[in-house]
Amino acid sequence: MAQKRNTVQNAVVLPPELIASIGDGVIVVDPSLKVTEANAQAVEMLHKRKSTMVGHPVWRFLDIRDAKGKKTHNTVRITIGKLLHKARANKRKVPPVTLPPVYVKFPGLGVLPYAFTLSLIQNQYGTVQGAVLSFRDISTDVEVGNMKSEFVSLAAHQLRAPLTSIRWNIEMLLRGEIGPVPETQQELLHDIYASNGRMLTLVNDLLNVSRLESGRIRVDPTPVDLVATAQDIKKELEGEARVGHVSVVVERDVSVKEGEKVPVDPGLMHEVIKNFTANAIKYTPEGGKVTVRVSSDGKRYRVGVADTGMGISKKEQTKIFTKFFRAANAADKDPLGSGLGLYMVKMLAGALGSKVGFRSKEGEGSEFFVTIPRKGSPKNLHGKPYSSLSLKA
Amino acid sequence: MSRILIVEDDPYIMRVYERKFQAEGFTIATAKNGEEGLEKVKEAKPDIILLDLVMPKKDGFEFVRELRKDDTYAKTPIIVLTNLGQEHDIERAQKLGISAYLLKSNQSIQDVFEMVQKTLANAKS
């Protein structure tokens, strides 16, 4: 009789001295996710005796909540399920996964954020013999992160008032409302005005980044026609396209019906596509073309923004969505960019339940795209609205 | 000549308003917070009020709530100019009965002036 796979019989036994020496809480489970071993740290965190845990499903001791302490879907359980499925389907070693902060309600401790790492124990044939759940309290990290975001948010708010008064004063000088200004001085005032505008934009970007990083952005899905959104953006960026001598085309693939809508947050989706399109126009040389194409594969919508621009060098491609990163050729063409745009776009897409990506060849052009599930974005009405700042030149 | 009451705690922002509206021929009254605003409103008899929201002593929300209790000012147009951009702030102010809600950092001073003129014209018609 063939040996029954993935049962307690083939669970591996890890030496207790080994897991006792690990500083994090460690629970070892068999393939049916029943506890076989727990180190002293885990026992202390869970407020349970080891003898009461062994042999019972691990979920009996892990009460997963959301940050506010409400019952929520068990991300640890879902992830372990996915890892097991992967291991059983491919019979290959599955690498460990570290989850973003998971909130766990521990008896007597309240709800605390934990960093979980889940690793499968597999034999040489890939058969799962169990799993190790290691976790550590990251309340301090989360608190410091929140404080940082709060600080940036407060500082940005406080900066807006003086920046506004500077802007308004220069504006009045430039309009000659205080008296005639010689041409040479006007030039300086224009520069100050432009720098002030950049600072305001940067302050706004930092505010948005801090909101996005803390997951506090409001997402209010309503049916959106992606083709119409792309057309609106084309119109908004007409000036930039004209100055840069770049033509912008919006295309609807046959896979998308005319007027077809997907429930996403209109403002955030607009921001994502606009950012891609504005970048494409900015980094495409004169006579170039930018094509915004909306398509669908049945499961997802896809908005792709392709350009005939400078492209991104291979070695820089992995960093393109990271904070403050600017590709060398882009920084050369426009030294004033903050490197926050694509970082924000990636986080915005995340808030929208969407994914972003790109294809690029240096010297030939790039295509940045966002894919949106047909069911649209998850709702989050508790966050703060993303503030898009449209300064008039 | 129109009369405007400006309620704003930032002295530098206030000075820009003063310069702009003086140059445009307005009669100006100013107040540093909501409390002072409620005192000044009686002598200033404004045709329109420019109002900040976050201020010490009495904030902009409180100012509107109390002002609207007096029938004389039940319909005086109020333009809110603030850096509070959250939807619930906007909704809260609108429920109290204001004419417009503008984000300072999104506006030029000329935009502010034009909004004041437009609001005055609407109020008269």
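Residues numbered from 1 in each chain as written. Chains lettered and ligands numbered in written order. Predicted model: local features only at pLDDT ≥ 70, side-chain atom pairs only at ≥ 80, totals over all residues. Heavy atoms only, no water.

Asker: Describe empty space enclosed by the protein, with residues and values.
Answerer: Under the defined criterion, the tally for this structure stands at 2 cavities of 30 Å³ or more. Its volume calculated, the second largest cavity comes out at about 30 Å³. The residue makeup of the lining of the second largest cavity, split by class, is 7 nonpolar, no polar and 1 charged. (1 Å grid on protein atoms, 1.4 Å probe; cavity = no way out; pocket = protein on both sides within 12 Å on 5 of 7 lines; lining within 4 Å. Points joined across faces, edges and corners; volume = space filled by probe spheres on them. Nonpolar A, V, L, I, M, F, W, Y, C, P; charged D, E, K, R; others polar.)

Asker: I'd like to hear about the packing of aromatic side chains, residue by residue, with values.
Answerer: Scanning all chains against the criterion turns up 10 aromatic pairs over all chains. With a centroid separation of 5.4 Å and an interplanar angle of 45 degrees, the aromatic rings of Trp168 of chain A and Tyr17 of chain B are classed as tilted. On the criterion of chain membership, the pair formed by Trp168 of chain A in helix H5 (residues 139-174) and Tyr17 of chain B in helix H1 (residues 11-23) is interchain, its members lying in two chains. Both residues of the pair, Trp168 of chain A and Tyr17 of chain B, belong to the buried class. Ring centres of Phe21 of chain B and Phe26 of chain B lie 5.1 Å apart, and the angle between their planes is 80 degrees; on these two criteria the pair is classed as edge-to-face. A connected cluster of aromatic rings, assembled from ring pairs, spans Phe276, Phe321, Phe358 and Phe368 of chain A. One residue, Arg302 of chain A, lies across the ring of Phe369 of chain A, its end atom 4.3 Å from the ring centre. (Phe/Tyr/Trp six-rings, centres within 6.5 Å; stacked < 30°, edge-to-face > 60°. Helix = DSSP H or I, 4+ residues; strand = E, 2+ residues; numbered from the N terminus. Buried < 20%, exposed > 50% of the residue type's maximum accessible area, 1.4 Å probe, protein only. Lys NZ or Arg CZ within 6 Å of the ring centre and 35° of its normal.)

Asker: Please provide a residue-by-residue account of the sheet that holds strand S9 (residues 247-252) of chain A, values included.
Answerer: All names here are of chain A. The strand order across the open sheet formed by 5 strands is S9-S11-S12-S14-S13, and the pairing between neighbours is mixed. Single-partner strands in this sheet number two, and they are S9 and strand S13 (355-361). Shown here is a sheet whose adjacent strand axes are inclined to one another by a mean of 15 degrees, direction ignored. As paired elements, S9 and strand S11 (residues 289-296) share 6 bridges and run parallel to each other. Of the residues in S11, the one forming a bridge with Val250 is Val292. (Pairing = 2+ DSSP bridges. Axes fitted to C-alpha atoms, helices over the stretch in contact; angles between N-to-C directions.)

Asker: Explain the packing of helix H2 (residues 34-44) of chain B against helix H3 (residues 60-67) of chain B residue by residue, including any values.
Answerer: All names here are of chain B. One can describe the packing of H2 onto H3 by two numbers: an axis separation of 9 Å at closest approach and a directional angle of 30 degrees. Considered as vectors, H2 and H3 are oriented roughly parallel to each other. Between H2 and H3 lies a crossing whose hand is right-handed. Together, Gly34, Gly37, Leu38 and Val41 of H2 and Phe63, Glu66 and Leu67 of H3 make up the contact between the two elements. Here the contact of H2 with H3 is built from residues that sort into 4 nonpolar, 2 polar and 1 charged. (Parallel < 35°, antiparallel > 145°, perpendicular 65-115°, else oblique. Left-handed = near helix turned anticlockwise from the far one by under 90°. Contact = heavy atoms within 4.5 Å.)

Asker: A description of the environment of Lys333 of chain A should follow, citing residues and the corresponding values.
Answerer: All names here are of chain A. Mapped onto the elements, Lys333 comes out in helix H10 (residues 328-333). Owing to a relative accessible area of 42%, Lys333 belongs among the partly exposed residues under this scheme. If we ignore the near neighbours within four places in the chain, the residues touching Lys333 are Lys282, Tyr283, Thr284 and Met310.

Asker: Give me the sheet that holds strand S5 (residues 100-103) of chain B: which residues, what numbers.
Answerer: Residues and elements named next belong to chain B. The strand order across the open sheet built from 5 strands is S2-S1-S3-S4-S5, with neighbouring strands paired in parallel fashion. At either margin of the open sheet sits one strand with a lone partner, and together these are strand S2 (27-31) and S5. Sheet twist, expressed as the average angle between the axes of neighbouring strands with direction ignored, equals 20 degrees. Examined bridge by bridge, strand S3 (residues 48-51) and strand S4 (residues 78-82) share 3 bridges and lie parallel to one another. Bridge assignment links Leu51 to a residue of S4, and that residue is Val80.

Function cannot be read off these values alone, since they describe shape.
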